[in-house]
Amino acid sequence: MRPESRTLLALPLLALLAGCLPYTLYHRSGVSVDDVRRDEVDCGRIALAQAPVEMELDIIPGRVIMQPVICDAAGNCRGGRARELPDRHIRRDVNEELRRLIARQCMAERGYQRLTLPACSEQISKAVEPAITRVLPKLTPQACVIRRGGENYQIVPG
């Protein structure tokens, strides 16, 4: 089977599994989802201004592997040569974690709480009227989320 075919077969399975996973979001009761997204973008811009992308190149030196010496019964030996593995180059943004922390702090200062809601059970998903959450509801400990495709979701407050 070609790799492309395997990928196409796996997509529906991944989509199905995504509906079972918990969902992490910023929450503040009574705020519209559009306002939350706007604040996330604004805090992202602030974080980027305070901790701009700064790429750094890390070089991990290659290793030298000695090949074993192999001798036959007549005493003729071969091998024992060194094999050198190439250096590895890793590019990373040294400010990535700082940006994430600044953005989260910005959202917290705006009154948001970052939380993870579990996926609703199949029983709950079938029992509620399908909808897309437009305004974040007040939550109870039984709250759960149903993914509705893309960035859309439905919060069942509990």
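Heads up: the structure comes first, above all this text.
Everything in this summary refers to the structure shown in the same document.

Rules of the game
- Here, residues in each chain are numbered from 1, in the same order as that chain's written sequence.
- This being a predicted model, a pLDDT of at least 70 is required before a residue's local features are given, and a value of 80 or more before pairs of side-chain atoms are given or counted; all residues contribute to the totals for chains, interfaces and linings.
- Calculated side-chain values reflect all of the structure's heavy atoms, with hydrogen atoms and water omitted.
- Numbering of helices and strands runs from the N terminus, with a helix taken as a DSSP run of H or I at least four residues long and a strand as a DSSP run of E at least two residues long.
- To sort residues, take the accessible area from a 1.4 Å probe on protein chains only and compare it with the maximum for the residue type: under 20% means buried, over 50% means exposed, and anything in between is partly exposed.
- Counting of polar contacts relies on pairs of N or O atoms within 3.5 Å, with two restrictions inside protein: one atom must be capable of donating a hydrogen and the other of accepting it, and residues adjacent in sequence are counted only when both atoms are side-chain atoms.
- Note on definitions: a residue-residue contact is assigned when non-hydrogen atoms from the two residues lie within 4.5 Å.
- A side-chain nitrogen of Lys or Arg and a carboxyl oxygen of Asp or Glu constitute a salt bridge if their distance falls within 4 Å.
- For helices, the fitted line uses only the C-alpha atoms of the stretch in contact; every axis is such a line through C-alpha atoms, and the angle between N-to-C directions lies from 0 to 180 degrees.
- Note that the term roughly parallel is reserved for angles under 35 degrees, roughly antiparallel for angles over 145, roughly perpendicular for angles of 65 to 115, and oblique for everything else.
- Crossings are assigned a handedness: left-handed for a near helix turned anticlockwise from the far helix by less than a right angle, right-handed for a clockwise turn.
- Expected helix span is computed as 1.5 Å times (number of residues minus one).
- Regarding the arc, it is the one traced by the directions from the helix axis to the C-beta atoms.

The subject of this paragraph is the side chain of threonine 133. By the element assignment, threonine 133 lies in the loop between helix H4 (122-127) and strand E9 (144-147). Accessibility expressed as a relative area gives 11% for threonine 133, which makes it buried. A distance of 2.7 Å separates a polar side-chain atom of threonine 133 from the backbone nitrogen of isoleucine 155. Apart from residues no more than four positions distant in its own chain, threonine 133 is found in contact with Val33, Tyr153, Gln154 and Ile155.

A complete count under the given rule lists nine salt bridges for this structure. Note that glutamate 151 and arginine 37 form a salt bridge whose closest N and O atoms lie 3.4 Å from each other. Placement of the pair is glutamate 151 in the loop between E9 and strand E10 (153-156) and arginine 37 in helix H2 (residues 33-50), with a sequence separation of 114 residues. The class of glutamate 151 is exposed, set by a relative accessible area of 53%. Salt bridges sharing partners connect three or more residues here, namely Asp39, Asp42 and Arg110.

Now for the environment of glycine 62. With respect to the secondary-structure elements, glycine 62 resides in the loop between strand E2 (55-60) and strand E3 (64-66). On a C-alpha basis, the gap between glycine 62 and aspartate 87 in space is 4.1 Å, while along the polypeptide they are 25 residues apart.

Right, let's get into the packing of H2 against helix H3 (residues 96-109). Close contact between H2 and H3 brings their axes to 8 Å; oriented N to C, the two are set at 135°. Relative to H3, the element H2 lies oblique. In the packing of H2 onto H3, the handedness of the crossing is right-handed. Between H2 and H3, the contacting residues are Val36, Asp39, Glu40, Cys43, Ile46, Ala47, Leu48 and Gln50 on the first element and Arg99, Ile102, Ala103, Cys106 and Met107 on the second.

Taking 1.5 Å per residue, 18 residues should reach 26 Å; H2 reaches 26 Å between its end C-alpha atoms and fits that length. When H2 is considered as a whole, its buried residues turn out to be Val33, Val36, Asp39, Cys43 and Ala47. Buried residues of H2, viewed axially, fall in a sector of 115°; they line one side. Of the exposed residues in H2, those oriented more than 90 degrees away from the buried face are Asp34, Arg38, Arg45 and Ala49. For H2, the elements touching its buried residues are strand E1 (23-27), H3 and E10.

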